[in-house]
Structure formats: structure tokens, C-alpha cells
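# Overview (structure and organization)
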Amino acid sequence: MNHLYFSTGRKPSALIRKLGRLLSLIFNSKYENRGKKSVDEVCARAELAGCVKIAFIYEKKGNPSNIKFFDETNGWLKTELLIHGMNLPERTGRIPKTLNLEIKGAVGKKIADLFDVNLDENDDASPLRGIVSDNSLAFFQKDQKILELKVSLFESKTPNGE
């Protein structure tokens, strides 16, 4: 299991909750709707679940805007993922627990590292395929696209949280 924990901002839209659940299934990790919990409370729950990194999905006007990462050792990471667009079908069906991931480009490698992807655990036979490139994350089940995020990396000079 991945040691990544997905959560949301305080009042997530239905679309953000769906994205969080789907990302947690794709990366075989945990998801929790944050609600009124503080960041410290979410961190404590993630630690109880054996997770060492938390991905907080934030929104602007109901659409995903960015994902900020919190690491229990280093605190807020300076690198965050900006989301410029999303393609999410109405229904995705069951998501396999294994992923065959392909990484393209140097920025794609940095994005994969944010999600703690371990290529040694790649399952070439899995019907769940992912492609992480310099400007997108795309996931397919068999030949059907189940999620595509148009993204870019943002490096802040100082790590920030809430």
C-alpha cells in the first residue's frame, strides 16, 4: 500500500470529493473528507493509518485548483501541483488495486515523486494504466480513460500551508 493520504479543503464540492476518492483508489491509498478538522487532526489520522505524506486537494469555484503536499518529516513541501483542467467521466467502475505507471520527462518524474510512486511495484499485467508527463496525469482502465488532469508544478520559495 502507498503511504499517501488524500484529503480536501474544508468545504469541498462534490467534484473535489469524487476526485479525492478516485485518486486514492488509483494510488491504492487512503482518503478522508477534511470537513471541520484542522490540518493537525488530519495529520494525526493519517499517521494512525500508517501514512507519511498527505495530499490536500483544494478548489476554486468548485473546480480543482491545486494539490499541496504535507510530509510528516518535512512539513509542507515547497512544490505543489497546479491543476489547469480535468476530464473525469461520470462512471469509472471498479478500480484495480495495482497500477502500471509510465513516467515521461523530468517534470513527470518530479510529479510522480510527489505521489510517492514506486516503479518497482509496477504491475505490467494490470488493467489500470497511468501516464505521468510534464503537463498531465492520465489514467486508463483497459482502453477507457478514467481520469485526466492537466497540471504544472509550482515551486514556492517557502513552504506554506494553511
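The structure we're discussing is the one just above.
Numbering of residues begins from 1 in every chain and follows the order in which that chain's sequence is written. For this predicted model, a pLDDT threshold of at least 70 governs which residues receive local features, and a threshold of 80 or more governs which side-chain atom pairs are given and counted, while totals over whole chains, interfaces and linings are taken from all residues. Note that water and hydrogens are dropped before the side-chain values are worked out from all heavy atoms of the structure.

### Topic: the overall build of the protein
What counts is decided by this rule: Secondary structure elements follow DSSP: runs of H or I no shorter than four residues count as helices, runs of E no shorter than two count as strands, and numbering proceeds from the N terminus. C-alpha atoms define the radius of gyration, and 2.2 Å times the number of residues to the power 0.38 defines the globule rule. Whether two residues are in contact is decided by their heavy atoms: any pair within 4.5 Å suffices. Every accessible area reported is derived by Shrake-Rupley at a probe size of 1.4 Å, with residue values counting cover from the shown protein chains alone. Neither His nor the chain termini are counted; the positive set is Lys and Arg, and the negative set is Asp and Glu. The location of each charge is read from NZ of Lys, CZ of Arg, CG of Asp or CD of Glu.
Regarding its fold elements, the protein presents three helices and 10 strands. Going from the N terminus to the C terminus, the protein shows its helices and strands as β-α-β-α-β-β-β-β-β-α-β-β-β. Taken against the 2.2 N^0.38 rule, which gives 15 Å for 162 residues, the C-alpha radius of gyration of the protein at 15 Å falls within 12% of a compact globule. Counting only C-alpha atoms, the protein reaches 40 × 30 × 30 Å along its principal axes. Residue pairs at least 24 apart in sequence account for 64% of intrachain contacts in the protein once pairs closer than 6 positions are excluded. Roughly 8700 Å² of accessible area belongs to the protein as shown, and the carbon and sulfur atoms make up 49% of that amount. Side chains of the protein give 26 positive and 21 negative charges; the mean places of these two sets differ by 8 Å.

### Section: the packing of aromatic side chains
Filter applied, for reference: In summary, the pairing rule links any two rings of Phe, Tyr or Trp, Trp by its six-membered ring, whose centres are within 6.5 Å, and it sorts them by plane angle into stacked for under 30 degrees, edge-to-face for over 60 and tilted for everything else. Relative accessibility thresholds used throughout: buried, under 20% of the residue-type maximum; exposed, over 50%; partly exposed, between the two (1.4 Å probe, protein chains only). We call a charge positioned over a ring when the NZ of a Lys or the CZ of an Arg lies within 6 Å of the ring centre and within 35 degrees of the ring normal.
As enumerated under the stated definition, the model contains eight aromatic pairs in all. Note on Phe6 and Phe27: the rings are 6.3 Å apart at their centroids and 25° apart in plane angle, and the pair reads as stacked. Placement of Phe6 in strand β1 (residues 4-8) and of Phe27 in the loop between α1 (14-26) and β2 (30-32) is noted, with a sequence separation of 21 residues between them. Grouping residues by exposure puts Phe6 and Phe27 together as buried. For the pair Phe56 and Trp76, a centre-to-centre distance of 5.4 Å together with 40° between the ring planes defines the contact as tilted. Taken as a pair, Phe56 in strand β3 (residues 53-60) and Trp76 in strand β5 (residues 75-76) lie far apart in primary sequence, 20 residues in all. Assessed through its relative accessible area of 15%, Trp76 is described here as buried. Among the aromatic residues, those joined into a cluster by ring pairs are Phe6, Phe27, Phe69, Phe115 and Phe139. Residue placement shows Lys68 over the ring face of Tyr58; its charged tip is 5.6 Å from the ring centre.

### Quick word on the pattern of salt bridges
This is how the line gets drawn: The rule for a salt bridge is simple: a side-chain nitrogen of Lys or Arg has to be within 4 Å of a carboxyl oxygen of Asp or Glu.
Evaluation of the coordinates by the stated rule reveals seven salt bridges. Among the salt bridges present, the one from Lys145 reaches Glu148, with a minimum N-O distance of 2.9 Å. Its salt-bridge partner being Glu148, residue Lys150 comes within 3.0 Å of it at the nearest N-O pair. If you follow the salt bridges from partner to partner, you end up with Glu32, Lys37 and Arg45 in one network.

### Some remarks on the pairing of β3
Within a regular strand, side chains alternate between the sheet's two faces. Note the cut-off: A strand pair is defined by DSSP finding two or more bridges across the two strands.
Counted residue by residue, β3 has six buried out of eight residues, so it is predominantly covered. Across five bridges, the pairing between β1 and β3 is parallel. Each bridged residue has a counterpart across the sheet, and for Thr8 the counterpart in β3 is Ile57. One ladder, built from eight bridges, connects β3 with strand β4 (residues 63-71); its direction is antiparallel. By the bridge assignment for β4, Ile54 is matched with Phe70. Counting the residues in the hairpin turn of β3 and β4 gives two residues, including Lys61, whose phi is positive at 55°.

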